[in-house]
Amino acid sequence: MRKLCLAAAVTACATALLYPSTASAEPTAGTVESVAPLATIATPPGAADAARLLYRSTTVGDAPTTASAAVYFPAGTPPEGGWPVIAWAHGTVGLGDDCAYSIAGPGARERDWAYLGTWLQQGYAVVAADYAGLGTPGEHPYLNGIVEAHNVVDAVKAATRQYPSLAEKWVVVGQSQGGGAAVFTARYATEFGGPELDYRGAVGTGVPAYIEDILLPLGPGMPPTELSPHTTAYVLYILNGLRTTYPDLDIDSYLTDAGREWLARARTACINPFGDELAAADVVLGNLFARPLAQIPDLREVLTRTMGLPQSGYDRPLFLGQGLRDTDVITPATLAFAATLQAGGQPVTLHTYQQDHSGAVNASLPDSLPFVRNLFS
């Protein structure tokens, strides 16, 4: 019997050597799938060269997916060791594939091109992840922080693997949705990047802290308070993100017919035209709900698990910049988040500016430029 087993084992081994399996393993996160020129509309004027990468990453439930990113190169000759990398986590552009940053460029074009142009002028290469489901197959799980952190880290892996002119040392910089993504990335960058990358720290402006708390009252009984059309769009994007992350919640069942129609529209809409459309239709958020969202069991826990910013575990310096006139995110909540981190001994630095949500981005540069320079020293 033993001889038969041994013979069978030898035969199996020989078969494997002579006829190897044709099945291929799933490509690892950060693997480059393709490289293409970047469209002019998606290329900042200050970039000496640019490209669009498709790379492997993960989405909801750590499921493998293809994601996309733009890479912008500064002018001149790379320094010894390569250009240090700024991973740019962009703000909300929408949910449709044609809204992706690497396809259509930024929604706030003048602001972002000035901002990224400044980093390029300082001799940094920029890697701008689109986030899963933007510009590539699948749904975008809006404000799912863990997914965004994976996408940002994997974009840096892909870019540094593809281009020897890029250094492995990097920081993440983000605004609004991207400010939250930058904070999540700051918490998990060392873990997700591993020894391949040299993560140094993070900058976040307009960070949407404790956004989960303001979603708890959503329902048909909400007072008809006038909101900016962008705020209404953000709520619809968040609902679609929840539906993508937790399909079992049956988000549609909490909405009226009008609510379902607007949510369906949100799935493919870019932020600026969608805001205009909501304003023209005079949409009142409370009219979109058939029953309170709070009827979802453990709603606060569900929301916190998805978009609640980590309050501990940061291993590198974190810069938070907040406009005191910001009405797109809840400024007192962002200041409270910074205070919580400071009280917990986390390596956070807070700067405030007499600016609105958008204005704080470039206003923060006199403080964030030396902050980042020190991270690379």
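Residues numbered from 1 in each chain as written. Predicted model: local features only at pLDDT ≥ 70, side-chain atom pairs only at ≥ 80, totals over all residues. Heavy atoms only, no water.

- An unreviewed UniProt entry lists the protein under the name Lipase family protein, from Nocardia xishanensis.

**A closer look at the packing of aromatic side chains**
Pairs of aromatic rings are described using the distance from one ring centre to the other and the angle between the two planes.
Thinking step 1. Counted according to the given criterion, the structure contains 14 aromatic pairs.
Thinking step 2. Relative to F192, the ring of Y188 has its centre 5.2 Å away and its plane inclined at 10°; by these criteria the two rings are stacked. Residue Y188 and its partner F192 are both found in helix α5 (residues 177-193); the two are separated by four residues, about one turn of the helix. Like Y188, the residue F192 is buried in the burial classification.
Thinking step 3. In textbook terms, an aromatic cluster arises when at least three aromatic residues are bridged by ring pairs, as seen for W88, Y115, W119, Y124 and F376. (Phe/Tyr/Trp six-rings, centres within 6.5 Å; stacked < 30°, edge-to-face > 60°. Helix = DSSP H or I, 4+ residues; strand = E, 2+ residues; numbered from the N terminus. Buried < 20%, exposed > 50% of the residue type's maximum accessible area, 1.4 Å probe, protein only.)

**Here we look at the sheet that holds strand β7 (residues 198-205)**
Thinking step 1. Spatially, nine strands are ordered β1-β2-β3-β5-β4-β6-β7-β8-β9 in an open sheet, and the strand pairing comes out mixed. With partners counted over all chains shown, the strands left at the sheet margins are β1 (32-37) and β9 (348-353), one partner each. Strand-to-strand twist in this sheet, taken as the mean axis angle between neighbours without regard to direction, amounts to 20°.
Thinking step 2. Taken together, the seven bridges between strand β6 (residues 166-175) and β7 define a ladder with parallel strand orientation. Counted as the bridge partner of Q175 is T205 from β7.
Thinking step 3. Strands in contact with helix α4 (residues 145-162) are β1, β2 (49-58), β3 (64-73), β4 (83-89), β5 (125-129) and β6; relative to β2, the strand with the most contacts, it is inclined by about 125°.
Thinking step 4. In the packing of helix α13 (residues 365-375) onto the sheet, the strands contacted are β4, β6, β7, β8 (318-323) and β9, and the crossing angle to β7 comes to about 170°. (Pairing = 2+ DSSP bridges. Axes fitted to C-alpha atoms, helices over the stretch in contact; angles between N-to-C directions. Contact = heavy atoms within 4.5 Å.)

**Things to note about unusual backbone geometry**
Note on backbone geometry: most residues besides glycine have negative phi, and most peptide bonds are trans.
Thinking step 1. In this structure, D62 is a non-glycine residue whose phi angle is positive, near 60°.
Thinking step 2. Along the polypeptide, D62 turns up in the loop between β2 and β3.
Thinking step 3. A positive phi angle, near 80°, is found at Y131, a position not held by glycine.
Thinking step 4. Position of Y131 relative to the elements: it lies in the loop between β5 and α4.

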